Structure formats: structure tokens, C-alpha cells
Amino acid sequence: MSGSLKHLSGPPQGHHLGWPFAFAVASPIFFATFNNGLRLVSADIGVYGLLFLRGVVGVTLAIAVTYLTKTIPIVKKLGLLALTGLSGALASAATTTSITMIPLYQAVVILYLYPAMTVIMARILVGERITIRALARVITAFVGCVLLVLPGGDGGLSLSLGHAIGLLGAALYALSYVLTRRLGQDHRGLEPFIFYCLACMIVAFPLASVFSSGFGIDNLKELTLGLTLGSLGAGAQLMAFAALKHIPAHTVGVIGTLEILCGTLSSWLLFSDPFTPIAVLGAAIVIYAAFGFRERRLPLEVTP
């Protein structure tokens, strides 16, 4: 395990190979497992209780990684790190809240607008080039996501506050990922994660108070379930931040659409949810978007 963890601070091994890419792929798998667990216990544990526990578990995980890899976090650009952590924590809160307010398939599609948002934000905030392949990859992934979660015919769209909150969550996710890229090499992949976890712990209290929902953790069973889910969510977020050190934000976002594929398959297997031929097509498109595109060394630039 320690050998793998050392790659959090090690050099990249190619744009599509090595541990950065492996972390980018593993992250949505962990997120999908978290989502299925959330579906099982959402009636017992509050959104902000889970957010707080993700922070607690994440800080503990960061301490363990620091000890195992014998590395010291680099705390530079403190304001940027704080903003990265805060935007990520608010994104998690907004996205989870939207899932409780609108149909899941709508919340998922809105969330995965964020890879497209990162393309524009990365151009403005980081100066990353917008390429035709990048835009095509983002659009392809989004089309696949829509097909994967397309309802059976009676799931009409009625815009509401939940949709607005979901859109805000997607924008905040994009901002958090792009700000992580803006840190450049002044981090090991661990520092933005630590600030994310601290922000989760801090914002959970005022959010729970404002929305009068509490933490929803009243006994040992709920605490155990919350810590288990918190571990999955924190691990997924850590791997995403580690991948962002070496891989463009939109690429990590597109690979992240595998979360929907994994979630669709697991809900079909565990909850007997339908898996239609249209969903199969969407799955194939998502897989192609995640693994089939190859960036050229000198891609054609698109003027924003």
C-alpha cells in the first residue's frame, strides 16, 4: 500500500498511464460505491452529518498517508488552498442536497455538466488550452450520461430550486478542480484534500443549522454507517485531487463519468433497477469518452 501512496507526490508517468490515471479511474468507482451506500442509509443519516464525517475521516486518512509516505504537506498559496477546499465542500453539500430534492437521474445529469464547465474555467483561471478533442470528449461523455440515466418516458422535467442547487454544485465542483490545477506543482496532491476535509467539517455546522436538519447521527449504528460511507467518499476525493496534479481538470471530470456507469450497473444488480438498451448505448459512449480519446501533443486550439 505504501508503495502506491508514494505516487501521490511522485512524478507523472505519462498523460494517460501510471498512477495519476489509475487514481482518476478508481475515484469514480469509490464515488459510485458511496452513492449506493447513501441510497441505503439516506433515511437514517443526514446530508450534513455525512459531510462532517467525510471531513473527519479525510483528515485521519491524510494523516495516515503523510505518515506512510513520510512526506510533509506543502502549505503554499494558503488563500488558494482555502478557496479550493471551501468550493469543494460546498459542491458536495449542494450536490447531495439536490439529490434529496429532485429525481436522481436529473441530479446526476446536472452534476456532470461540470467537466464542460472546467474547460472554460481552466482557460480563464489556469490558461489551459481548449482543444477540439477536449470539447468533443466532454460532449461525448455528457451524451453518454444522459442516455444512461434517461427515464422510462414519464420523467418530465419541471425546473425547481433543486435543479438550481444542483447546477450550483456542478459549478462549484468545476471551480474546485480548476483551482487545484492552478496550484501547479506547489502541492503533492494531498494539500487540497486536507483543506477540503477541513472545510467539510466547518461548513457542516452552519448548513445543518440554517436548514434545521441536524446531523441525523443518533446512535452507534448510524455513526458506524456514516464513518464507512465517509471513508468511501473521502478516499474518492483524495484520489481525484491526486490525479489533478498531473491530469487536466476536464479529463479527470470525463473519467469521473464512470461513476454514473458503475452506479447504473450496481443499481441494476442490487436494486433491480431497469438497464435498457438505451442505457447500454450510453454505457458504451461513457467508456469511449473515458478511455478512447487520445490527446495529441500539439492539439488544435479553439479560441474561447
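Rules used in this analysis
Residues numbered from 1 in each chain as written. Predicted model: local features only at pLDDT ≥ 70, side-chain atom pairs only at ≥ 80, totals over all residues. Heavy atoms only, no water. Disulfide = S-S within 2.5 Å. Buried < 20%, exposed > 50% of the residue type's maximum accessible area, 1.4 Å probe, protein only. Core = buried A, V, L, I, M, F, W, Y, C linked by side-chain atoms within 4.5 Å. Helix = DSSP H or I, 4+ residues; strand = E, 2+ residues; numbered from the N terminus. Phe/Tyr/Trp six-rings, centres within 6.5 Å; stacked < 30°, edge-to-face > 60°. pLDDT = per-residue confidence, 0-100. Contact = heavy atoms within 4.5 Å. Patch = residues over 30% accessible without salt bridge, like charges linked within 9 Å, V, L, I, M, F, W, Y side chains within 5 Å. Areas by Shrake-Rupley, 256 points an atom, 1.4 Å probe, with all protein chains shown as cover. Salt bridge = Lys/Arg side-chain N within 4 Å of Asp/Glu carboxyl O. Axes fitted to C-alpha atoms, helices over the stretch in contact; angles between N-to-C directions. Parallel < 35°, antiparallel > 145°, perpendicular 65-115°, else oblique. Left-handed = near helix turned anticlockwise from the far one by under 90°. Nonpolar A, V, L, I, M, F, W, Y, C, P; charged D, E, K, R; others polar.

### Points about the state of the cysteines
Thinking step 1. In the structure shown here, the tally under the stated rule is 0 disulfides.
Thinking step 2. Here Cys 200 is not disulfide-linked; the sulfur of Cys 197 is the nearest cysteine sulfur, at 6.1 Å.
Thinking step 3. Since its relative accessible area comes to 0%, Cys 200 is described here as buried.

### Thoughts on the nonpolar core
Side chains of nonpolar character tend, in soluble globular proteins, to be buried together.
Thinking step 1. In this structure, Tyr 114, Leu 148, Tyr 177 and Phe 193 are the most contacted members of the largest nonpolar core, which totals 60 residues.
Thinking step 2. Within the second largest apolar cluster, 6 residues are counted, among which are Ile 130, Val 138, Ala 141 and Ala 289.

### What to know about the side chain of Ser 27
Thinking step 1. With respect to the helices, strands and loops of the structure, Ser 27 is situated in helix 2 (residues 19-41).
Thinking step 2. Accessibility expressed as a relative area gives 4% for Ser 27, which makes it buried.

### Re the packing of aromatic side chains
Thinking step 1. Tallied over the full model, the rule gives 8 aromatic pairs.
Thinking step 2. On the numbers, 5.9 Å between centres and 35° between planes, the contact of Tyr 114 with Tyr 173 is tilted. Linking Tyr 114 in helix 6 (residues 114-125) with Tyr 173 in helix 8 (residues 161-182), this pair joins segments that are 59 residues apart in sequence. Here the two residues Tyr 114 and Tyr 173 agree in accessibility, since each one is buried.
Thinking step 3. For the pair Tyr 173 and Tyr 177, a centre-to-centre distance of 6.3 Å together with 75° between the ring planes defines the contact as edge-to-face. One end of the pair, Tyr 173, and the other, Tyr 177, are both in helix 8, 4 residues apart, so they sit about a helical turn from each other.
Thinking step 4. The class for Tyr 177 is buried, based on a relative accessible area of 3%.
Thinking step 5. Aromatic rings pair up to connect Tyr 112, Tyr 114, Tyr 173, Tyr 177, Tyr 196 and Phe 241 into one cluster.

### Thoughts on the confidence of the model for the protein chain
Thinking step 1. Residues of the protein chain with pLDDT of at least 70 account for 82%, and the chain-wide mean is 78.
Thinking step 2. Across the protein chain, the element-wise mean pLDDT spans from 43 in helix 1 (residues 2-5) up to 90 in helix 9 (residues 191-210).
Thinking step 3. Contacts for the low-pLDDT stretch residues 1-7, under 50 throughout, to residues beyond four places or in other chains number 9 contacts.
Thinking step 4. Between residues 296-304, whose pLDDT stays under 50, and residues either more than four places distant or in other chains, the model counts 15 contacts.

### Some points on a nonpolar patch on the surface
Thinking step 1. Together, Leu 265, Trp 268, Leu 269 and Leu 270 line one region of the surface with nonpolar side chains, adding up to about 430 Å² of accessible area.
Thinking step 2. Using a relative accessible area of 64% as the deciding quantity, one classes Leu 269 as exposed.

### So, the packing of helix 3 (residues 47-69) against helix 10 (residues 220-244)
Thinking step 1. One way to put it is that helix 3 packs onto helix 10 with a least axis distance of 7 Å and a crossing angle of 60°. With respect to their mutual orientation, helix 3 and helix 10 come out oblique. Regarding helix 3 and helix 10, the two cross each other, and that crossing is right-handed. Taken together, the residues of helix 10 that come into contact with helix 3 (itself represented by Leu 50, Leu 53, Arg 54, Val 57, Gly 58, Leu 61 and Val 65) are Leu 223, Gly 226, Leu 227, Leu 229, Gly 230, Ser 231, Gly 233, Ala 234, Gly 235, Gln 237 and Leu 238.
Thinking step 2. Residue classes in the contact of helix 3 with helix 10 are distributed as 10 nonpolar, 7 polar and 1 charged.

### Comments concerning the packing of helix 3 against helix 9
Thinking step 1. Orientation of helix 3 relative to helix 9, taken along the N-to-C sense of each, is 155°, at an axis distance of 8 Å. Here helix 3 is positioned roughly antiparallel relative to helix 9, judged by the angle of their axes. In this structure, helix 3 meets helix 9 at a crossing whose hand is left-handed. Across the interface between the two elements, Tyr 48, Leu 51, Phe 52, Arg 54, Gly 55, Val 56, Gly 58, Val 59, Leu 61 and Ala 62 of helix 3 pack against Phe 193, Ile 194, Tyr 196, Cys 197, Leu 198, Cys 200, Met 201, Val 203, Ala 204, Phe 205, Leu 207 and Ala 208 of helix 9.
Thinking step 2. The residue makeup of the contact of helix 3 with helix 9, split by class, is 19 nonpolar, 2 polar and 1 charged.

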